[in-house]
Amino acid sequence: MTRLSNKRNTDAPPYLPGHPVFGTALDFRSDPLGTMEAARKSHGDFVRTRFAQFRIYLLFNPEHVLHLLQKTPTAYKKDGYLHIEPLTGRGLLTSEGEFWRRQRRFAQPAFHRDRLRRMAETMTATTTEMLDRWEEHLARRPGEPLEISSEMSRLTLGIVGRTLFSTDLGGEAEGVGKALEFALQDGFSRVGRFVALPFGVPTPANRRHLAAIRTLDRIVYGLIDGRLRSGEEKDDLLGMLLEARDEEKGEGMGRKQLRDEVITVLSAGYETTARALTWTFYLMDRNPEEAARLREELETVLGNRDPDYDDLPRLGYTGRFIQESMRLYPPVWGLARLAREYDEIGGYPIPKASRLIISSYITHRHPNLWDNPERFDPERFTSERSEGRPKYAYFPFGGGPRRCIGVNFATLEATLVVAMVARRFELSLVPGHTVEMEPSFTLRPRYGMPMLLGKMR
């Protein structure tokens, strides 16, 4: 990889032309991953383009990503989340500045190691319930596939509810999942749209969007109000948010802010991990030799028991398998920032109000960073082969101060679930099913992931 120079470039970055009016906005909207990959191949790692009147920079070099996310985070604000604010409000995903820092301080203790150790038991218990249900499915309807993407959403939503809010969503799980999924996907679909009618305009899509938010409000406010009425103190994220007080003013969070944080954690906590697990099981089916090696490790480390928190360091290949899955199919495939002020990146001037886009999907497949980047190879994450690789060659959880607060939670959850599923079942894609990426709020399989169950002997 060519090192960046501190010397200011006198020439502008390579320019990617497009439509005379819309620029590359229509290309990006219809195929963002293909458009960015084509831009990288033809114009390099720093590409200038425009979406109509908006100045856009596409950055694919890890050192550019480092600058944007870690070195100068206050010079930029998160961009592209305007249309999901009716859902998440001023939660951790969308808030900025000192307010965001305060909310992050309030929530961070929920993800400390001692609490994660206790959460592991709930994760394995919830996964066992799913696997027992799969056993019944296999016995009653052999040969009928399961939609694994939906199964993973149901599982991770149940885990988030039980571990962070001490709540078994139970019969509400399907309604919560559908409401969250629609509101997130519909909100994201508005990004880059030249005409997006306000949610108050009663179009069919807007009515459905607001109905989804009302469904979530009913459930989440019920959860908050129930805890407040009972006065019960629980050592979970909701309990910490209820007890949190501003250091200077001594004030706690209002009911609406509590609602925003709960919905934000529900949204981010279940959707991203569900997608990561879905792609991991797809890759296990597509790569039988690597899947066999994963199962050999599980047999050696676990024998006939389920994994627990202390097994994580011993499940090295399983962890690398998941890392490689998230390299090829990172759930959060792109991030956007808006320049608050003038800056320079790689020697190029970045005017105020410029929009910058980075993509883990593109950087994770960069041929200057990864040997044979399209090949599935968990061993590329060994310490020996990782030596010298730039830090932000791999950033599935973002980076800098705004790195995902739940990264350790998600890593633990994914490892436990993959280990438990792989020990009991072999999942195989329905023959002839088309697998295609859909880069929406997360990187999803466009047509789902129907898979056949097979018992491991």
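Residues numbered from 1 in each chain as written. Predicted model: local features only at pLDDT ≥ 70, side-chain atom pairs only at ≥ 80, totals over all residues. Heavy atoms only, no water.

(A) Layout of the nonpolar core. In terms of nonpolar packing, the biggest core is built from 137 residues, with Trp 134, Phe 165 and Phe 281 touching the most fellow members. Considering each element in turn, this core owes the most residues, 14 residues, to helix H11 (residues 255-286). Apart from the residues lying within four places of it in its own chain, the contact partners of Phe 165 are Val 160, Leu 223, Arg 227, Asp 236, Leu 237, Leu 238, Val 262, Val 265 and Leu 266. (Core = buried A, V, L, I, M, F, W, Y, C linked by side-chain atoms within 4.5 Å. Buried < 20%, exposed > 50% of the residue type's maximum accessible area, 1.4 Å probe, protein only. Helix = DSSP H or I, 4+ residues; strand = E, 2+ residues; numbered from the N terminus. Contact = heavy atoms within 4.5 Å.)

(B) Quick peek at unusual backbone geometry. At Ser 166, a position not held by glycine, the phi torsion is positive, near 50°. Looking at the secondary structure, you find Ser 166 in the loop between helix H7 (148-165) and helix H8 (173-189). Its relative accessible area of 33% is what places Ser 166 among the partly exposed residues. Backbone geometry places Asn 372, a non-glycine residue, at a positive phi of 45°.

(C) Molecular detail of H7. End to end, H7 covers 25 Å across 18 residues, agreeing with the expected 26 Å (1.5 Å per residue, within 8%). With 15 of 18 residues buried, H7 is to be regarded as a mostly interior element. One or two residues past the end of H7 sits Ser 166, with phi positive at roughly 50°. (Expected span 1.5 Å × (residues − 1).)

(D) A look at the pattern of salt bridges. Taken as a whole and judged by the stated rule, the model has 39 salt bridges. Among the ionic pairs, Arg 355 bridges to Asp 79, the shortest N-O distance being 2.8 Å. With Arg 355 in strand E8 (residues 355-358) and Asp 79 in the loop between strand E3 (76-78) and helix H4 (85-88), this pair connects stretches of sequence that are 276 residues apart. Judged by its relative accessible area of 23%, Arg 355 falls in the partly exposed class. Here Arg 423 ties to Asp 306 by a salt bridge, and the two come within 3.1 Å at their closest N and O atoms. Here Asp 306 lies in the loop between helix H12 (288-302) and helix H13 (316-328) and Arg 423 lies in helix H16 (residues 407-424), a separation of 117 residues in the sequence. Accessibility expressed as a relative area gives 22% for Arg 423, which makes it partly exposed. Salt bridges linked by common partners bring Asp 132, Glu 135, Arg 424 and Lys 455 together as one network. (Salt bridge = Lys/Arg side-chain N within 4 Å of Asp/Glu carboxyl O.)

(E) Fine view of the environment of Ser 42. As for its position among the elements, Ser 42 is in helix H2 (residues 32-43). Here the alpha-carbon distance between Ser 42 and Pro 431, two residues 389 residues apart in the chain, equals 36 Å.

(F) Region of interest: the packing of H11 against H13. For the pair H11 and H13, interaxial distance at closest approach is 9 Å and the crossing angle is 105°. Relative to H13, H11 is oriented roughly perpendicular. On H13, the residues touching Ala 276, Trp 279, Thr 280, Leu 283 and Met 284 of H11 are Phe 321, Ser 325, Met 326 and Leu 328. Across the contact of H11 with H13, the residue classes break down as seven nonpolar, two polar and no charged. (Axes fitted to C-alpha atoms, helices over the stretch in contact; angles between N-to-C directions. Parallel < 35°, antiparallel > 145°, perpendicular 65-115°, else oblique. Nonpolar A, V, L, I, M, F, W, Y, C, P; charged D, E, K, R; others polar.)

(G) View of the sheet that holds strand E4 (residues 146-147). In spatial order, the strands read E4-E12-E9; together these three strands make up an open sheet with antiparallel pairing. This sheet does not close on itself; its edge strands, each paired only once, are E4 and strand E9 (425-429). Relative to strand E12 (residues 450-455), E4 runs antiparallel, the two sharing two bridges. Opposite Leu 146, over in E12, you have Met 451 as the bridge partner. Along the sheet, H11 contacts E9 and E12; its crossing angle with E9, the most-contacted strand, is approximately 85°. This element, H16, spans E9 and E12 of the sheet and lies at about 90° to E9. (Pairing = 2+ DSSP bridges.)

(H) Representation of the packing of aromatic side chains in the model. Tallied over the full model, the rule gives 15 aromatic pairs. An angle of 90° between the planes, with centres 6.1 Å apart, marks the rings of Phe 111 and Phe 409 as edge-to-face. Taken together, the positions of Phe 111 in the loop between helix H5 (97-107) and helix H6 (113-140) and Phe 409 in helix H16 put the pair 298 residues apart, joining distant regions of the chain. Ring geometry for Phe 321 and Phe 376: centres 4.8 Å apart, planes at 70°, overall edge-to-face. Residue Phe 321 is located in helix H13, and its partner Phe 376 is located in the loop between helix H14 (360-364) and helix H15 (383-386); the two are separated by 55 residues in the primary sequence. Residue classification places Phe 376 among the buried positions, given a relative accessible area of 5%. Three or more aromatic residues joined by ring pairs form one cluster here, namely Phe 46, Tyr 57 and Tyr 348. (Phe/Tyr/Trp six-rings, centres within 6.5 Å; stacked < 30°, edge-to-face > 60°.)

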